[in-house]
Amino acid sequence: MDWGSLQAILGGVNKHSTSIGKIWLTVLFIFRIMILVVAAERVWGDEQQDFVCNTLQPGCRNVCYDHFFPISHIRLWALQLIFVSTPALLVAMHVAYTRHEKKRRFRNGEKIDIEELKNEKMHIRGPLWWTYTSSIFFRIVFEAVFMYVFYYMYDGYQMPRLMKCSAWPCPNIVDCFVSRPTEKTTFTIFMLAVSGICMVLNVAELCYLVIKICMKPSRKTT
Amino acid sequence: MNWAGLYTVLSGVNRHSTAIGRIWLSVIFIFRIMVLVVAAESVWGDEKAAFTCNTQQPGCNSVCYDHFFPISHIRLWALQLILVTTPALLVAMHVAYQQHQEKKLLVLTGHGDPKHMEEVKKHKMRISGSLWWTYVCSVVFRLLFEAVFMYIFYMLYPGYQMLRLVKCEAYPCPNIVDCFISRPTEKTIFTVFMLVTSSVCIVLNMAELVYLVVRACARRGQHNSNPSSGKSSFYGHKLSSEYKQNEINQLLTEQDGSLKDMLRRNPGLQEKGDRCSAC
């Protein structure tokens, strides 16, 4: 199970999304997952190996690395991307349940075209609208939570070049140097910007769905 | 999602590109992405491990490496290639939208059988009308991204050349320290190669832009001199204009306001002329 399998699973959900939802999925896969796999993982690849402290005291380097990097950026991004993309599975489950119900009615004697049932695009109406809106809401919440976690853990989004560490067994305040801080800051800001764009797309999609449902009853009454 | 995934996504767009657009896409994938993955990544693989400074001072190595290489060439090229290839998705989205509109029209005019639906999916869209504008925008964005990245490269690594020796005196280095870069000549060769292919892609994009503008103006000139030969959309050929108009009039009286709105908003669905609104 890797990013390719996630793409296969979410590609199916894409069919029942709005246009904004499809754009969001494209941005997620190309500007976040692909950048993570192709570029960011290499930048953070030697993060512990090349974390150097100005001391010969055994264990000091390990302890200081653990103190300053409780969870690596790469792992946090991977978790964020998984959490943010899985609410779409709620929609997939609802669509599958609706189709299952229709098939059951077909077996009980009602006339329904089975082939058409497999390929038809579900309209986002009724209970599916609620499921879809909930999935977007959860996406927004997860994005916001992870952005806050990043900010809280790393005191802002910048990677400093030098960190001073005095955890035991370091003998005194020891200088520790982070590898590739500028490149890491660049990628952190890039991923933050794309995360912001995804949040804007989700909020826009939410507004679009709410406006669409409010317009429908007003059109019916005219 | 990796380069192969990006290739799958972009090959779909290829069908609606011009001939120059297809050449551009092949150059991108073979001479840039493939060279990056197969060769350049191995050259830059040990860039930090083999960056050696003439000092035992802990941390001096890291700090000097970070000072001289704020962002590695490899990452910059990866970002450049992703940003340069994604404007093509604008065209893909527009084509998908147009196909959706054509399918809706087919269903409304009573030709909603699976055979016609398949034909809509398979036929190549003509680059005219609003699709022309989207296509031109995507080419302009490509040019812009290429130029911006070439400038960034020049700013970060003046002269595009990789030096063998750099002198560093950032804290905690005790004095001016000599630092040696690994494989400088090989890196210079690949940098120049990628620069040349980037320039070739810029030339191809500019040629495509010129071709699109000239073609659109030529079509406009032809249309002005011979107004009766205005072309319709793909299914305009299949249905005679009078029959179509009768069907649409009937549907307008029978259906609800949403259909009226759709057809009113898209008069081009009935008769798509090759309008060059740029000329």
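Residues numbered from 1 in each chain as written. Chains lettered and ligands numbered in written order. Predicted model: local features only at pLDDT ≥ 70, side-chain atom pairs only at ≥ 80, totals over all residues. Heavy atoms only, no water.

1. Re the confidence of the model for chain A
- Averaged over all residues, the pLDDT of chain A is 87; the fraction at 70 or higher stands at 92%.
- Mean pLDDT across the elements of chain A ranges from a minimum in helix H6 (residues 114-119) of chain A, with 63, to a maximum in strand E3 (residues 174-177) of chain A, with 94. (pLDDT = per-residue confidence, 0-100. Helix = DSSP H or I, 4+ residues; strand = E, 2+ residues; numbered from the N terminus.)

2. Focus on the packing of helix H2 (residues 19-43) of chain A against helix H4 (residues 73-85) of chain B
- In contact at an axis separation of 10 Å, H2(A) and H4(B) are set at 165 degrees when each is read in the N-to-C sense. Between H2(A) and H4(B), the crossing angle belongs to the class labelled roughly antiparallel. Here the hand of the crossing between H2(A) and H4(B) comes out right-handed. Contacts between H2(A) and H4(B) involve Ile30(A), Phe31(A), Met34(A), Ile35(A), Val38(A), Ala39(A), Arg42(A) and Val43(A) from the former and Arg75(B), Ala78(B), Leu79(B), Ile82(B) and Leu83(B) from the latter.
- Here the contact of H2(A) with H4(B) is composed, by residue class, of 11 nonpolar, no polar and 2 charged. (Axes fitted to C-alpha atoms, helices over the stretch in contact; angles between N-to-C directions. Parallel < 35°, antiparallel > 145°, perpendicular 65-115°, else oblique. Left-handed = near helix turned anticlockwise from the far one by under 90°. Contact = heavy atoms within 4.5 Å. Nonpolar A, V, L, I, M, F, W, Y, C, P; charged D, E, K, R; others polar.)

3. Topic: the pairing of strand E2 (residues 165-168) of chain B
Residue and element names in this part refer to chain B.
- Of the two faces of E2, the one holding Val166 and Cys168 is buried and the one holding Leu165 and Lys167 is not buried anywhere.
- Where E2 and strand E3 (residues 177-180) come together, 4 bridges link them in antiparallel fashion. Bridging across to E3, Cys168 finds its partner in Val177. (Buried < 20%, exposed > 50% of the residue type's maximum accessible area, 1.4 Å probe, protein only. Pairing = 2+ DSSP bridges.)

4. Side note on the interface of chain B and chain A
- Taken residue by residue, the interface counts 30 residues in chain B and 35 residues in chain A.
- Area buried by chain B at its contact with chain A is led by Met1(B), Asp66(B) and Arg75(B), which between them contribute 27% of it.
- Between Arg161(A) and Asp66(B) there is a salt bridge, and its shortest N-O distance comes to 3.1 Å.
- There are 10 residue pairs in polar contact (both at pLDDT 80 or more) connecting chain B and chain A.
- Where the side of chain B that touches chain A is concerned, the elements lending two or more residues are helix H1 (3-14), helix H3 (60-68), H4 and helix H5 (88-108) of chain B.
- Split into classes, the residues belonging to the side of chain B that touches chain A amount to 17 nonpolar, 8 polar and 5 charged. (Buried area = accessible area lost by both parts, 1.4 Å probe. Salt bridge = Lys/Arg side-chain N within 4 Å of Asp/Glu carboxyl O. Polar contact = N/O pair within 3.5 Å; in protein donor to acceptor, adjacent residues only side chain to side chain.)

5. Comments concerning the UniProt feature "domain: Connexin cysteine-rich" (unreviewed entry) in chain B
- When the UniProt feature table is mapped to this numbering, "domain: Connexin cysteine-rich" (unreviewed entry) covers residues 145-212 of chain B.
- Secondary structure content for residues 145-212 of chain B is 60% helix and 12% strand, while the C-alpha to C-alpha distance between its ends is 20 Å. (UniProt positions renumbered as here; feature names shortened; annotations may be inferred.)

6. Quick notes on H2(A)
- The end-to-end C-alpha separation of H2(A) is 34 Å, in line with the 36 Å expected for 25 residues at 1.5 Å each.
- The sharpest bend along H2(A) measures roughly 50 degrees and falls at Leu36(A). (Expected span 1.5 Å × (residues − 1). Bend = angle between axes of the 7 residues up to and from the residue.)

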